[in-house]
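Summary of the model geometry
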Amino acid sequence: MPLCFLSVRPPPPPLITCHFSPSAVRAPPAVSAPAPASAAPSHSLSPNATPPPSLTCALHCPHFESCSGCTHEFNLHRPVIVDEATEFFKAVGVSDFTFDSCKLWGWRCRAKLAVRGSSENPLIGLYQEGTHNVVDIPQCKAHHPSINAAVGLLKQGITELSIEPYDEDEGTGDLRYVQMAVTTHDTSLPASERYKNGKVQVALVWNSRNENSPNSEKLNALANFIWRNGGTRSKVNLVHSVWANFQTSTNNIIFGNRWRHLLGERDFWEHVGGIDISLAPSSFGQANTRAFDTLLRKLQRYVPQGSSVADLYAGAGAIGLSLAVTRKCRSVRCIEINKESKLSFEKTVDRLPNLVDSSISWHLADTSKEPLSWITGSDVLVVDPPRKGLDASLVDALRSISSAEYKAKSSSESQLSSSSKEKDEKRPWMLRAREASVQIGSKITSEDSKTLPRTLIYISCGWESFKEDCELLLSSKAWKLEKAHGYNFFPGTQSIEVLAVFKRGQGVSLKKKKLGKKKKRL
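A quick note: this is a predicted structure, and the numbers were derived from the prediction, not measured. (Residues numbered from 1 in each chain as written. Predicted model: local features only at pLDDT ≥ 70, side-chain atom pairs only at ≥ 80, totals over all residues. Heavy atoms only, no water.)

Side note on the nonpolar core
Ranked by internal contacts, the top residues of the largest apolar core, which has 81 residues, are Leu154, Leu204 and Leu299. The leading source of residues in this core is helix H2 (residues 145-160), at 7 residues. When residues no more than four places from it in sequence are discounted, the contact partners of Leu154 are Ile124, Leu175, Val178, Met180, Leu204, Leu222 and Ile226. Of all hydrophobic cores here, the second largest spans 39 residues; its members include Leu381, Val395, Leu473 and Ala478. (Core = buried A, V, L, I, M, F, W, Y, C linked by side-chain atoms within 4.5 Å. Buried < 20%, exposed > 50% of the residue type's maximum accessible area, 1.4 Å probe, protein only. Helix = DSSP H or I, 4+ residues; strand = E, 2+ residues; numbered from the N terminus. Contact = heavy atoms within 4.5 Å.)

Written out as structure tokens, the structure reads:
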């Protein structure tokens, strides 16, 4: 591949938006050539409509099969796993499961890529399945076009400046990984132009302890090259900012603990769920921002106005804060184990509308330790766990929530207050969480502090772990599954994002039951 950086931004891929209900007919096998881009406008299909030929929703990626990122080429709008999900939800009483598919190409706005090869022939991409051999993916169809353009610019800089990619066997070289994150929230552009003109935050993972290491001159030279050719004063304004992360570990962890802002804007913003979200390069961010926004809009419908909300596995608080604004919540409490998310949370809060009148807090804590203490005081509990699913202790707490409510009502307020203080002194993680917390607005009232959630909203990125958690919750008879929606966050893969709404049943027996233990997952 030529290593020149094009002076013209690549055109965005054609956009097909397919909305399918469970009864939608599957697309027939392809028998014709793929339709041209001009023949693939954005559209919505009803269950009775004739679906497009499978090649209309095909990947058409030159890296398919050699790259481990995508697992199937055809019918991107409806992965096979949707059929399994439809049957699963029907079996547990939800017959109206829906599945939404947004952008099928150019949807990935956040990518972590390995850098290997040589300075003359750098390879930037993903590991081949089951190996640590990097597959170069310069024309990835999943990536936002700006990411591919930024990768091309980075390759040019590596070659011209003789930057050595990392060698895993020897532990040598300079550049180990790169994270590309695209912001599509540029208010200086019309809304219709913002996505295709997204700017890239480039985070270079450098093989050194800090910015004072001997090879730091090369790092600065590479950062300056990227900014000079892609920054605000270049012919093509492609780059939002350049960051450095320092990592010398020999394990598979991508990022080290030390970050440094080098060039461009420090603050990175995206608009989802009705609010502006600040995301540091060290914070977790959804790769498919459009699909995430669609999910948030749906989620908001299930949260009553004025609710008290607990947001577990909250990250920078995107879900909880969007609810505080759109649902005028009485209180929102965000609990997250990654300390790097705190600064992003604070910046997001600073940009919230002045009319927001909520008690908002963020706590650095591990929700697996006495989870009941974090969910008490909320009407609605939102959980967005990693792929492994909910912590076993949290599942147990939710299964026995009726017993916990009964005990709380049986105790006097004074007894609760005194015992809580005594317990906190014996639980150092609770004290640390209080010290690291952020509190905005008045604290929750004593009446609020005794409530337990009657609505549980579960956002899942791991289908197998969700099924296990769902079955455990339903088997306890404490919860009933009311609604379920699927989202195509990762077109080209057998993966779906699930939004499930559970309600606590009326008249559930308060007798404590013997609980089955959730199996530990690897």
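Some thoughts on the UniProt feature "active site" (unreviewed entry) in the protein chain
Mapped onto this structure's residue numbering, the UniProt feature "active site" (unreviewed entry) falls at Cys461. Position of Cys461 relative to the elements: it lies in the loop between strand E17 (455-460) and helix H13 (463-475). Apart from the residues lying within four places of it in its own chain, the contact partners of Cys461 are Pro385, Pro386, Arg387, Ser495, Ile496 and Glu497. (UniProt positions renumbered as here; feature names shortened; annotations may be inferred.)

Remarks on the sheet that holds strand E8 (residues 239-246)
Sheet architecture is open: 7 strands sit in the order E5-E4-E3-E6-E7-E8-E9, paired in mixed fashion. Either end of the sheet is taken by a strand with one partner, and the two such strands are strand E5 (134-136) and strand E9 (258-264). With strand direction ignored, the average angle separating the axes of adjacent strands in the sheet is 35°. Here 8 bridges tie strand E6 (residues 175-183) to strand E7 (residues 199-206), and the two strands are oriented antiparallel to one another. The residue bridging Tyr177 from the neighbouring strand is Val205, located in E7. Strands strand E3 (110-117), strand E4 (122-127), E5, E6, E7 and E8 of the sheet are contacted by H2, whose axis makes an angle of about 145° with E6. Along the sheet, helix H4 (residues 216-230) makes contact with E6, E7, E8 and E9, crossing E8 at roughly 165°. (Pairing = 2+ DSSP bridges. Axes fitted to C-alpha atoms, helices over the stretch in contact; angles between N-to-C directions.)

Some remarks on the pairing of strand E10 (residues 269-272)
Note: E10 against strand E11 (residues 275-278), 4 bridges, orientation antiparallel. Each residue of the ladder has a partner; that of Trp269, found in E11, is Ser278.

Quick word on the side chain of Thr183
Inspection of the secondary structure puts Thr183 in strand E6. Engagement of the side chain of Thr183 in a polar contact is seen with the backbone oxygen of Trp269, the distance being 2.5 Å. Among residues more than four places away in sequence, those in contact with Thr183 are Gly198, Lys199, His240, Phe268, Trp269 and Glu270. (Polar contact = N/O pair within 3.5 Å; in protein donor to acceptor, adjacent residues only side chain to side chain.)

Points about the pattern of salt bridges
Per the counting criterion, the structure on display carries 14 salt bridges. The residue Asp379 makes a salt bridge to Arg330 at a minimum N-O spacing of 3.0 Å. Remark: Arg330 occurs in the loop between helix H6 (318-326) and strand E13 (331-336) and Asp379 occurs in the loop between helix H8 (372-375) and strand E15 (380-383); sequence separation between them is 49 residues. Given the relative accessible area of 34%, Arg330 is considered partly exposed. One network of salt bridges, with partners in common, ties together Glu84, Glu464 and Lys467. (Salt bridge = Lys/Arg side-chain N within 4 Å of Asp/Glu carboxyl O.)

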